[in-house]
Amino acid sequence: MKIKTAKMSYEEVLALPVTMHQKPIKQRLLFRVVLLLLSIWDLWMTRFTYRMIGMEKLEKGEPCLVLMNHSSFIDLKIAARLMCTRPFHIICTADGFVGKRWLMRQIGCIPTRKFMTDVTLVRDMVYATRELKSSILMFPEASYSFDGTQTPLPDSLGKCLKILKVPVVMIRTHGAFARDPLYNNLQLRKVRVSADVEYLLSPKEIAEKSQQELNDILQEKFTFDYFRWQQENEIRIKEPFRADGLNRMLYKCPRCKAEGQMLGQGTKILCKLCGKAYELTEYGYLKDLETDMQECGEDEAKESESFTVDYPEAGETRFTHIPDWYHWERECVRQEILSGNYRMDVPVTIYMMVNTDRIYQVGEGVLSHSAEGFRLTGCDGRLDYRQEPLASYSLYSDFYWYEIGDVISIGDARVQYYCFPKESGDIVAKARLAAEELYKLVKQGTLAEYQ
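Summarised in this report is the structure supplied together with it. (Residues numbered from 1 in each chain as written. Predicted model: local features only at pLDDT ≥ 70, side-chain atom pairs only at ≥ 80, totals over all residues. Heavy atoms only, no water.)

This part takes up the pairing of strand β3 (residues 65-68). Where a strand is regular, its side chains alternate between the two sheet faces. Every second residue of β3 is oriented toward a common face, with Leu65 and Leu67 on one face and Val66 and Met68 on the other, all of them buried. For β3 and strand β6 (residues 135-138), the ladder comprises three bridges, and the chain directions are parallel. Within the sheet, the bridge partner assigned to Leu67 lies in β6 and is Met138. One ladder, built from four bridges, connects β3 with strand β7 (residues 168-174); its direction is parallel. (Buried < 20%, exposed > 50% of the residue type's maximum accessible area, 1.4 Å probe, protein only. Helix = DSSP H or I, 4+ residues; strand = E, 2+ residues; numbered from the N terminus. Pairing = 2+ DSSP bridges.)

Within the fold, Asp124 resides in helix α5 (residues 119-130). Arg105 provides the closest opposite charge to the buried, salt-bridge-free Asp124, at an N-O distance of 7.5 Å. Setting aside residues no more than four positions away along its own chain, Asp124 makes contact with His21, Lys23, Pro24 and Ile110. (Lys, Arg positive; Asp, Glu negative; His and termini not counted. Salt bridge = Lys/Arg side-chain N within 4 Å of Asp/Glu carboxyl O. Contact = heavy atoms within 4.5 Å.)

One open sheet accounts for four strands, arranged β9-β10-β11-β12; its pairing is antiparallel. Where the open sheet ends on each side, the last strands, each with one partner, are β9 (262-265) and β12 (286-289). Ignoring strand direction, the axes of neighbouring strands in this sheet form an average angle of 20°. In terms of strand pairing, β9 meets strand β10 (residues 268-271) through four bridges, oriented antiparallel. Along β10, the bridge assignment pairs Gly264 with Ile269. (Axes fitted to C-alpha atoms, helices over the stretch in contact; angles between N-to-C directions.)

Let us now look at the nonpolar core. Buried together is how nonpolar side chains tend to be arranged in soluble globular proteins. In this structure, Leu246, Leu367, Leu376 and Tyr417 are the most contacted members of the largest nonpolar core, which totals 70 residues. Those residues in contact with Leu376 that sit more than four places away from it in its chain are Val348, Ile350, Val366, Leu367, Leu383, Asp384, Tyr385, Ile410, Tyr417 and Cys419. Met68, Ile78, Leu82 and Ile107 belong to the second largest nonpolar core, which has 31 residues in total. (Core = buried A, V, L, I, M, F, W, Y, C linked by side-chain atoms within 4.5 Å.)

This paragraph deals with empty space enclosed by the protein. This model, assessed by the stated rule, comprises one cavity of 30 Å³ or more. Approximately 80 Å³ is the volume attributed to the largest cavity. Arg189, Phe227, Gln230, Ile237 and Leu280 are the residues nearest the centre of the largest cavity, which is lined by 13 residues in total. The set of elements that each furnish at least two residues to the lining of the largest cavity consists of α7 (176-179) and α10 (226-232). In the lining of the largest cavity, the residues fall into seven nonpolar, three polar and three charged. (1 Å grid on protein atoms, 1.4 Å probe; cavity = no way out; pocket = protein on both sides within 12 Å on 5 of 7 lines; lining within 4 Å. Points joined across faces, edges and corners; volume = space filled by probe spheres on them. Nonpolar A, V, L, I, M, F, W, Y, C, P; charged D, E, K, R; others polar.)

Spelled out as structure tokens, the structure:
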């Protein structure tokens, strides 16, 4: 899928009229049928099946909040199949409206900004459930998983449940991530997909529980590991491109600790600097490979001064499980932050969104990230935007965004900036990890103790 773009100057974009808020409109049966028809092919190709758990508790025509884990683009098609018997609204990112606002509203979509406090969104959800008598489909993770495990949930989710006062249903998919992981450049694998549809909470149960208790329940339900699922269910993925782009997520070599030197291609991922190589097996394990490439020199193999981790000797397998590698990268980033050594400065091409007509390319700049948060400068000195760590509990970052490239997005309710790194180095995943860890450290008051 692509998105409408145009080139304009920074000043011209700021002068454009913003898109005015409109209340949701009730989804008509015609558009539910259209969504279903557009979904049939992919669902048939994946031999899609589902099972209902406790859904007899949900009355016919009763509005509900449907929470769904976010694995790949097929998620919406699964939802279209499972919810075709009732009107529903879809919470989606505002850039999904670009160039097709009328259609998205007819389908039932409600726009929002990712990882931002959005009071208007809550009002729209209340209006949809109480006035339009429609259900709400929400992906509370707000972004695709990079490594096949859960991404952070907003602390405000429990409060949202109490405001809505409607039953909560969860859709949990199996196989969607294995079929189309985000790192793999939209290359589809032959994997069967299924889903569980579970009645999770009644309005009475929501009223009786505290916000924290509700958050704990949702956190437990949104805990998963899809590489582990693949292994335990012996799902075989034979495609020869299964490791393409894996370096986007596994950007740091566990042997020499170099960043931006990993290459995922075919069925293998290796470090171009020291030669450490792994094969991604057909069952989702990492297999250590011996290589004939020259071992890294003493300087490259030194322990980083910012943190201390025990590393394996050459030839030993450090990781057999991809999420373990990704978790190690998170811990490395956390230690960099605590030691005061974390900083990112990367040249970027800058796009902006101020309305839903187009995404506007406005020029070049530099995106910086440190313990003080993000700073974006550019457009010949006319742009200088800062975003503090507590502004967002996670980061809108994506691989191959609308087929343009890997992206980091920051911004506020007025303007959204889309930053496309101009140099290789796979910094998108690290930036998300750093933003999440910074948010936690600053909120806990831990970071000040180390600085």
